[in-house]
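Here is how the chains run, residue by residue.
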Amino acid sequence: MAYDFDLFVIGGGSGGVRCARIAATHGATVGIAEERFWGGTCVNVGCVPKKIMVNAAEYGQWTEDAAAFGWNVERKGFDLAALAAARDAEVARLNGIYGRLLTGAGCTIFEARATFLDAHTLDVGGKRVTAERIVIAVGGRAVPPPIPGAELGMLSDDVFRLKQVPRRLIVVGSGYIGLEFACIFRGLGAEVDLVYRADLPLRGFDADIRTALKEALDAQGLRQHVGHHPARLDRQGDHLRLSLLGGEAIEADAVLFATGREPHIQGLGLDRAGVMCTAKGAVEVDEEHRTTAPNIYAIGDVTDKLNLTPMATAVGHALADTLFGGTPRKADYHNVPTAVFTSPPIGTVGMTEADAAAQGPVDIYLTRFTPMRHTISGRPGRKTLMKLVVCQRTRKVLGAHMLGEDAAEIMQGIGIAVAAGLTKEDFDRTIGIHPTAAEEFVTLRTRTREAGVRAAAE
Ligand code: NDP
């Protein structure tokens, strides 16, 4: 049977766009539908506009620190409208680029919602479209916590619509999104209360990084409500009141719920196509990213595997190469470097000390120092922490973790070394670039401690 397209991609975010574009360059006829904005969450209400706001917050610190370096800088306040205009213009520019990438590669684009009628047929904005293969790349969406009054709070998308910086902001959740926005708004001058359930922020990251982050947040005057669960949110006159389980309450002008995201599958008609979901509502896929329907695949956040833009892009590219390029391959989910754009930022790749120690004995190399910029600026709490987790048996560097200025930039390079399986001796042989913070990663000579010995003996 002849189909309208060899491939139809539902969702024009990072993963979907890459998959469609590469499939088209391999000669496939490709259709792609996007109902909201080309580039998806990352370009429009995620990584890109967020990073511009991170930069804005950092400029505030640089101007404060400038006096220590001899500059006579007068700060006259911050104008969110000016930042928003620059930010939104950049997002619009990228939107255009994404659209042109697709049409330039020969894809047919639909600015419409696509839903399944059956495993090969879609309703795309009221038009019936068939495809031999279909890729679901619809991403995720932020969800509020299930508490009364949650609708009074913001979700991450709403942050980009703010007209002014709230004087007092409560952030609930200490994952990537909560921490990044807590630091951004603190940097832009807001009083920030951060509420989280665990004893340390950023669950799942290395414990030393989490501890150092908590101290760094304290040092910038961010109030942390540790081990607290939100109970309800109420409007009281012109402000909001967040009640916590246990009785405490916090007042603010705005509340941001950053309590996680969920796969965006509502109304897609997956059941009509025979596509099953996991208990957590993600589209179920095998190692090849094939769903329970043999001609349908799913990539990116809708699969809830490793919800990072570059991962979705890599998976989309590999899938297009596999299906249409004659080069079957899989994107590797191991040793994926990642960054959290807190203040200071975090960069990490590979295993945490706890995870590595659970598998066998490891040597830990750790250093903590005040970077040169802050020995001069005197800004409190701007210590850098760098850590290597090394397998005692193979000497391979299993994990690298950093909190400090430029951590994201530095970790991209270290990520190559860790993914390549290089040893501590390979790191030691590398000549440092002086004077940088990064050189510490190749000059760490003294073992701080060993861990996991008992696990190996058992
Ligand atoms: P995360 O899963 O990272 O964090 C969710 C946070 O909300 C956790 O602190 C969690 O607490 C808390 N939480 C969950 N449910 C509740 C509840 N009912 N009440 C109170 N607290 C709750 O999600 P994010 O939304 O921050 O980020 C989503 C994903 O987006 C990330 O996993 C990441 O992959 C991606 N992302 C990546 C970025 C980057 O690369 N820099 C930036 C932003 C997002 P607890 O820890 O106790 O479970």
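The structure we're discussing is the one just above.
Residues numbered from 1 in each chain as written. Predicted model: local features only at pLDDT ≥ 70, side-chain atom pairs only at ≥ 80, totals over all residues. Heavy atoms only, no water.

Caption draft 1: Looking closely at the site of the ligand. Every one of the 20 residues lining the ligand counts as a neighbour, but Ser174, Arg197, Arg203, Asn307 and Ala339 are closest to it. Take glycine 175: an N or O atom from its main chain is 3.3 Å from an oxygen atom of the ligand. About the coverage of the ligand: the protein hides 76% of its 920 Å² of free accessible area. With three residues, the top contributor of residues to the shell around the ligand is helix α6 (residues 176-187). (Near = heavy atom within 4 Å. Polar contact = N/O pair within 3.5 Å; in protein donor to acceptor, adjacent residues only side chain to side chain. Areas by Shrake-Rupley, 256 points an atom, 1.4 Å probe, with all protein chains shown as cover. Helix = DSSP H or I, 4+ residues; strand = E, 2+ residues; numbered from the N terminus.)

Caption draft 2: Looking closely at the side chain of aspartate 321. By the element assignment, aspartate 321 lies in helix α9 (residues 309-324). For aspartate 321, a relative accessible area of 9% corresponds to the buried category. Those residues in contact with aspartate 321 that sit more than four places away from it in its chain are Ile22, His26, Gly326, Thr327, Pro328 and Arg329. (Buried < 20%, exposed > 50% of the residue type's maximum accessible area, 1.4 Å probe, protein only. Contact = heavy atoms within 4.5 Å.)

Caption draft 3: Representation of the packing of helix α1 (residues 14-25) against helix α4 (residues 80-104) within the structure. It is at 9 Å that the axes of α1 and α4 come closest, and there the two elements cross at 25°. One element, α1, and the other, α4, form an angle in the roughly parallel class. Seen from above, α1 lies across α4 with left-handed handedness. Facing α1, whose interface residues are Ser14, Val17, Ala20 and Arg21, α4 presents Tyr98, Leu101 and Leu102. (Axes fitted to C-alpha atoms, helices over the stretch in contact; angles between N-to-C directions. Parallel < 35°, antiparallel > 145°, perpendicular 65-115°, else oblique. Left-handed = near helix turned anticlockwise from the far one by under 90°.)

Caption draft 4: Here's a closer look at the environment of cysteine 391. Examined against the element boundaries, cysteine 391 turns out to sit in strand β20 (residues 384-391). Along the sequence, cysteine 391 and alanine 356 sit 35 residues apart, while their C-alpha atoms lie 7.8 Å from each other. Contact partners of cysteine 391, with chain neighbours within four places excluded, come to Pro361, Val362, Lys396 and Leu398.

Caption draft 5: Representation of helix α12 (residues 407-419). The terminal C-alpha atoms of α12, which comprises 13 residues, lie 17 Å apart, in line with the 18 Å expected from a rise of 1.5 Å per residue. At glycine 413, α12 shows its maximal kink, close to 30°. For α12, the set of buried residues is Ala407, Ile410, Met411, Ile414, Gly415, Ala417 and Val418. For α12, the elements touching its buried residues are β18 (346-350), β21 (397-403), α13 (424-429) and α14 (440-443). Count one or two residues on from α12 and you reach glycine 421, which has phi positive near 80°. (Expected span 1.5 Å × (residues − 1). Bend = angle between axes of the 7 residues up to and from the residue.)

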